[in-house]
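Here is what each chain is made of, one letter per residue.
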Amino acid sequence: LFLIFLLIFSPIHLFAEDSGDISDQRAKDVEKWSSSGFGDVTKILKNSINVLKDENASFDELDAAANSANAAANFVGYIFEEYDNYYRVNYDAMYGDDAKKFNKSYQEYLKLQNSLKDARNKIYLKMGDILKEQGKFAEAFFYYRDAFRLSIFSDYWNKSKGTRWKAEQRMKELLEIQYIS
């Protein structure tokens, strides 16, 4: 009985089970992300910013840039998540040069991921503006909503520049509830 218990709950058993789950998850991820424009993340960020700045960018160009920035943010996020998990578990045990090296990488991944997300969110805001000008108010609302819900709250309090704040103001305008502050 003890031997059966040991076999059922042994790490070997768990590892064997996990490897199947890992393969299944990998296959799902490859299927989901393989057509997302995998590539040079720095170029994707620069392109997204350039498309955002282009006053004549079409809706389709904006959409493609937002999708590329989103995918790139997710790819960087997969790396960052592992750093973040390690950081949370080992924060108190890290010190010296190792902590400095770790923190540098951690901060660079975080900064890059947030830059990609920020570009994506600003593009969503601009796409909402285009739809609003076309009289497609419901569609505009949901692009504004995406810009709002996906932007960080610390950005919200900078009321003159924040994407989150701007998106909220545009949604309130569409709903004619600007009186809510």
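Residues numbered from 1 in each chain as written. Predicted model: local features only at pLDDT ≥ 70, side-chain atom pairs only at ≥ 80, totals over all residues. Heavy atoms only, no water.

### Let's talk about helix α6 (residues 137-150)
Here α6 spans 20 Å end to end across 14 residues, near enough to the 20 Å set by a 1.5 Å rise per residue. Along α6, the positions that sit buried rather than exposed are Ala140, Phe141, Tyr143, Tyr144, Asp146 and Ala147. (Helix = DSSP H or I, 4+ residues; strand = E, 2+ residues; numbered from the N terminus. Expected span 1.5 Å × (residues − 1). Buried < 20%, exposed > 50% of the residue type's maximum accessible area, 1.4 Å probe, protein only.)

### Here's the deal with the pattern of salt bridges
Throughout the structure, instances matching the rule amount to four salt bridges. Across the salt bridge formed by aspartate 129 and arginine 170, the nearest N and O atoms sit 2.8 Å from each other. Of the two residues, aspartate 129 is situated in helix α5 (residues 96-133) and arginine 170 in helix α8 (residues 163-175); the sequence distance between them amounts to 41 residues. Among the residues examined, aspartate 129 registers a relative accessible area of 22% and is labelled partly exposed. Lysine 132 serves as the salt-bridge partner of glutamate 173, at 2.4 Å between the closest nitrogen and oxygen. Of this pair, glutamate 173 sits in helix α8 while lysine 132 is found in helix α5, placing the two residues 41 residues apart along the sequence. (Salt bridge = Lys/Arg side-chain N within 4 Å of Asp/Glu carboxyl O.)

### Describing the packing of aromatic side chains
Overall, the coordinates contain four aromatic pairs when judged by the stated rule. Ring centres of phenylalanine 141 and phenylalanine 142 lie 5.2 Å apart, and the angle between their planes is 85°; on these two criteria the pair is classed as edge-to-face. Ring pairs connect the aromatic residues Phe59, Tyr124 and Tyr143, which therefore count as one cluster. Residue placement shows arginine 164 over the ring face of phenylalanine 148; its charged tip is 4.2 Å from the ring centre. (Phe/Tyr/Trp six-rings, centres within 6.5 Å; stacked < 30°, edge-to-face > 60°. Lys NZ or Arg CZ within 6 Å of the ring centre and 35° of its normal.)

### Topic: the side chain of asparagine 121
Inspection of the secondary structure assignment puts asparagine 121 in helix α5. Accessibility expressed as a relative area gives 2% for asparagine 121, which makes it buried. In terms of polar contacts, asparagine 121 uses its side chain to reach the side chain of arginine 120, at 2.9 Å. Apart from the residues within four sequence positions on either side, asparagine 121 is in contact with Ala147, Leu150, Ser151 and Thr163. (Polar contact = N/O pair within 3.5 Å; in protein donor to acceptor, adjacent residues only side chain to side chain. Contact = heavy atoms within 4.5 Å.)

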